[in-house]
Structure formats: structure tokens, C-alpha cells
Amino acid sequence: MKKQSFDQALQRLEEIVEQLESGQLGLEESLARFEEGVRISMFCQEELQKTDGKVSLLMKKMNGEMELLDFEA
Amino acid sequence: MKEFITVSALNEYIGALLEADPILQGIWVKGEISGFRLFQQSGHMYFTLKDGDAAVSCVMFRSRNQGLKFLPEDGMEVLLFGAVGIFSKQGRYQLYVENMQPFGAGALYLQLEKLKKELDQQGYFAMERKKPLPAMPHCVGVVTSQDGAALRDILKVIRQRCPSVRVVVAHSSVQGVDAPRELAAGIGSLNAYGQVDVIIVGRGGGSLEDLMAFNSREVVEAISLSVIPVISAVGHEVDVTLADLAADVRAATPTQAAQMAVPDQTVLRDQLHSINRQLTRAMQKNLRRQAEALDYLMMRRIWRDPGEFLEKRHRDLRQASQALIKAMQKNLQTRQHGLAMAVAGLDQLSPLKVMGRGYAILSHQQTIIKSIEQVSPGMQLKARLSDGQLVVEVKEKEKIAHEKTEF
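Residues numbered from 1 in each chain as written. Chains lettered and ligands numbered in written order. Predicted model: local features only at pLDDT ≥ 70, side-chain atom pairs only at ≥ 80, totals over all residues.

Caption draft 1: Region of interest: the overall build of chain B. Looking only at helices and strands, chain B features 12 helices and 14 strands. Relative to its 407 residues, chain B shows a buried fraction of 24%. Sequence-distant contacts, at least 24 apart, represent 62% of the contacts inside chain B between residues at least 6 apart. (Helix = DSSP H or I, 4+ residues; strand = E, 2+ residues; numbered from the N terminus. Buried ≥ 20, exposed ≤ 12 C-beta atoms within 10 Å, placed from the backbone. Contact = placed C-beta atoms within 7 Å.)

Encoded structure:
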């Protein structure tokens, strides 16, 4: 999963709905778009169901490298 | 009589001198307020600013004093900004006050205003530098004290609204001498780490002195250098820090910053549901439209009654073949007639026909006799008539001169 892909997915989904609503697509194309829309929608739903957000502390080591430590709020 | 001018002209001249001086037209003056009066009707403030043995009359008009966050009073040390002008009625100069700060805070304020102007001119606060916030961040970076209430507030809001979001905290002190450098380093580290989608920089509320780290050049520079969008969250409502001006988005409190940083998942879920409904509806409509187009085609007569269509074709075919036969017949007749005519013509030319009219063909030993030169008296000739032949004998010959009219 890439950064911000939820936004992009949602945006794409809106585009697809718009295209379908325009009534300009042929049967095969609209079916293809619909399939894509369903796929994107499932992806978005999965994203929303994730609850594994962790809290970490970003530390800079002496050698300049960065490391993440678990953070207890 | 000596040359003279009027008092009005004198005051006018002095007023013009004052107005022409750029220093006097925008000057900060420090002093202590005395004889403060606020006229209820006009809303204008009149007082004297003193220090040691010196004093200057001051006026702060209603339009200028409305923004004051404190009520001036006698004995108060203040820092004034304004322009020097002449009060012609009494022939004395006074300070027309534009801005007033309590001194102490005022000194800090002055310094702040100076830095603000400088940074503004360098473009740090320009609107076109502002980056949009991501609608659905996966990871939120926070630069604040790891022990502060601000961090607790931020984490609480994020847990409530969007539990899937990761949080990476870059600890920094938020006040004191090290705070500006540490805050800037935190922003830099999160950028170097690279995995966060948005950064919250902030702290809880405090006095102007407490918030000074957020008014530092280091922090402003770090915010504008950040490639990741920054939300400032300094807990104060009234004044705006320079960090707020430089940030892509300003939140009044850490809690509000967290609300801005992450979406409420229930809202997103609703949005997704509604877009899903739209998707299905649009698809159904599309299918219906295609089905209608098909129905329309199927309603055409050819599909309802193909027999009739074929019947017509048969009829057309029959008519065409009849026409063909007729044409052929006519053609044949024409040709037959032509033939008969030709035969009749031939018949006219037949020698038998000529003989039928009374002519005879004379021959002698298979040679047709065309001239008297070919015979001599006593020769026996054959005469062919239309219905038989005779054997005749030549008695004598006599030459006839041809007449022109005969053929």
C-alpha cells in the first residue's frame, strides 16, 4: 500500500461514478468500469477497517541513524 | 512693518515639516501613561506619556483603540507606535497612536513584529507555499513534548477518529532556549524519516514568553522547508505565532490539529457507502439503458413479423422474373419479325420468282447465255422456265441497240 492511495482510490471511484452516470459508455466499457469501481471500493473498505495504528517515538541515534521505539502514552 | 505670517500659517508650516519626516511618521515610543481619559461618546483616548521630566500628549482614536486587548491606565508602562503631528488649537505637537503594547510584553512584541515583517518579506508566509493536507493519512508525525498534555490530546483524538493511523512522535522541548532548535530538528527528522503524511507541531497554551519558541526563525524555516504538510497547534486563541503563519494549516489547539490531520472514519465510511450506492445505481441505469436500446430494436417489424418481410421479397422476385420473361419474349418477337422480313427480301431476289413473271434462262452446256455473240444459228440451247425446261434451236440472230430507258 502506497502513501495516500486511499485518497487516490476515492478520487478514482468518484471519477468512475461520474463516467457511468454520464451515460456515454458502451456496455462492455461500463461493465469494466463497474468492476474497477467495485475493486477500489473493497480496497477502501479494507483500509477503513484497519485498526492497527501504533504510536512510536522517533529517536536519532548517536551515529545519525533513526530508530522507532514503542511509545506508551 | 516687518514681514510676518499668521499663527495658522505657522502651525500649518510646522505640521507639514512633521509630516514630511519619515521617522516621526512611524515611531515606537516607550513611556508611562498619565492623565488617561476615555471619552465615552467618541470612543477616543487621550493621555500623556511621561518619562522622568519629559512628557508628550497622545491621542488614540476609536478606530485604532478598538483592537486593544487591555485597558490602559495611569502609571502603566507602555510602548506606543504612532505618528507625530501638530494640534493646531494649542500649538503643540502630539503623538497620534496607532498601536499600544504593555511594555515588557511590548519589547517582545516589538522584536516579534520585526521578525514577522522580515520573514514575510522573505516569502515564508506566502499563500502559494501552502500545501494541502492529505485526506487519509496513514501516518501522522507529531513534534511536541512527549510528556505534554498536547500529545495526550492529539493521541486521544486520533484513536477516536481513525484508529488505523500510525503516529510517530519526535520529542522536543516546547519552551526555553533549546526549544526552537529542537522543534526545528523534530520537523527535520520526520521529513528525513519520510513515512509520515502530515506533521503536527505544537504545545498547550501559555503566555507569550512561553510561546516564543514558536515565534523563532528556526521553527519558521523548518516548517517552510518541510516537504510534508505541517499543521501548527499552539494552544492559544488570540495571538497568532509565526509558526502559525508559516504552517500549511493553523489549528487553535492540539485537539483541533488532530481533528484536521485525520478524517473521522465514520464520515469516510458514510462517504464510501454513498459512493458505492451511486456506483451501483449508475451501473443499473446503464444496463437499463442498453436493455431499452435492445428492446427498441426488437420492436422493429422485421422481428415481429419476419413473414411479411419475406413475402414482400417474394413478390418483388416474382414481379422481376415476370418482367424478365416478358422482355425476353418481346425481344424474340422483334428478332423473328426481322428474320421474316429478310427472308421475304431474299424471295424477291430468287430467279424462280423472276421466271414466274415470264423470263427464261438460256444455257448451252452449263453456260448461261447472256449475249448473241455466244451462239450461232443451228445451235441447240436449253431454256429454263419456272415450271420446266425446253430444248430450242437458234434460227437466226439479230443485234438490238439498247435503249437507255431499259435496264
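On we go from here.
Caption draft 2: Layout of the packing of helix α5 (residues 179-193) of chain B against helix α6 (residues 217-225) of chain B. Residues and elements named next belong to chain B. α6 packs onto α5 with a crossing angle of 10 degrees between their chain directions and a minimal axis gap of 8 Å. Classified by the angle their axes make, α5 and α6 are roughly parallel. Contacts between α5 and α6 pair Pro180, Arg181, Leu183, Ala184, Ile187 and Gly188 from the former with Glu218, Val219, Glu221, Ala222 and Ile223 from the latter. Looking at the contact of α5 with α6 residue by residue, the class counts come to seven nonpolar, one polar and three charged. (Axes fitted to C-alpha atoms, helices over the stretch in contact; angles between N-to-C directions. Parallel < 35°, antiparallel > 145°, perpendicular 65-115°, else oblique. Nonpolar A, V, L, I, M, F, W, Y, C, P; charged D, E, K, R; others polar.)

Caption draft 3: Broad picture of the interface of chain A and chain B. Chain A puts 34 residues into the contact, and the matching count from chain B is 34 residues. Counting only elements with at least two residues in the side of chain A that touches chain B, the list comes to α1 (5-22), α2 (27-49), β1 (55-60) and β2 (66-70) of chain A. When the residues that make up the side of chain A that touches chain B are grouped by side-chain class, the tally is 17 nonpolar, nine polar and eight charged. Relative to strand β7 (residues 166-171) of chain B, β1 of chain A is paired through three bridges, and the arrangement is parallel. By the bridge assignment, leucine 57 of chain A is partnered in β7 of chain B with valine 169 of chain B. (Pairing = 2+ DSSP bridges.)

Caption draft 4: Expanded view of the nonpolar core. Residue and element names in this part refer to chain B. Membership of the largest hydrophobic core comes to 52 residues, with the highest contact counts inside it found for Val140 and Ile200. In terms of residue count, the dominant contributor to this core is helix α4 (residues 149-161) (six residues). Those residues in contact with valine 140, other than ones at most four positions away along the chain, are Ile158, Val165, Val167, Val196, Val198, Ile200, Ala261 and Val262. (Core = buried A, V, L, I, M, F, W, Y, C linked by C-beta atoms within 7 Å.)

Caption draft 5: Summary view of the pairing of strand β11 (residues 361-364) of chain B. Residue and element names in this part refer to chain B. Pairing of β11 with strand β13 (residues 380-385) involves three bridges; the strand directions are antiparallel. Bridge pairing in β13 places isoleucine 361 opposite arginine 384. As defined by bridge partners, β11 adjoins strand β12 (residues 367-368) across two bridges and the pair is classed as antiparallel. Each residue of the ladder has a partner; that of serine 363, found in β12, is isoleucine 368. Connecting β11 to the next strand, β12, in antiparallel fashion are two residues, including glutamine 365 with a positive phi near 45 degrees.

Caption draft 6: Seen up close, the sheet that holds β7 of chain B. Strand order in this open sheet of seven strands is β2(A)-β1(A)-β7(B)-β6(B)-β8(B)-β9(B)-β10(B), and the pairing throughout is mixed. Looking at which strands have only one partner, the edges of the open sheet turn out to be β2 of chain A together with β10 (249-251) of chain B. Each strand of the sheet is rotated relative to its neighbour by a mean of 25 degrees, with strand direction disregarded.

Caption draft 7: Main features of the sheet that holds β11 of chain B. With respect to topology, four strands assemble into an open sheet ordered β12-β11-β13-β14 (chain B), the strand pairing being antiparallel. This sheet does not close on itself; its edge strands, each paired only once, are β12 and β14 (388-393) of chain B.

Caption draft 8: Focus on the environment of asparagine 11 of chain B. Among the secondary structure elements, asparagine 11 of chain B is positioned in helix α1 (residues 7-19). The residues touching asparagine 11 of chain B, leaving out its near neighbours within four places in the chain, are Ile86, Ser88 and Gly91 of chain B.

Caption draft 9: Representation of unusual backbone geometry in the model. Residue and element names in this part refer to chain B. Positive phi outside glycine occurs at glutamine 365, with the angle close to 45 degrees. Position of glutamine 365 relative to the elements: it lies in the loop between β11 and β12. Not every positive phi belongs to a glycine, and glutamine 366 is a case in point at roughly 70 degrees. If you trace the backbone, glutamine 366 turns up in the loop between β11 and β12.

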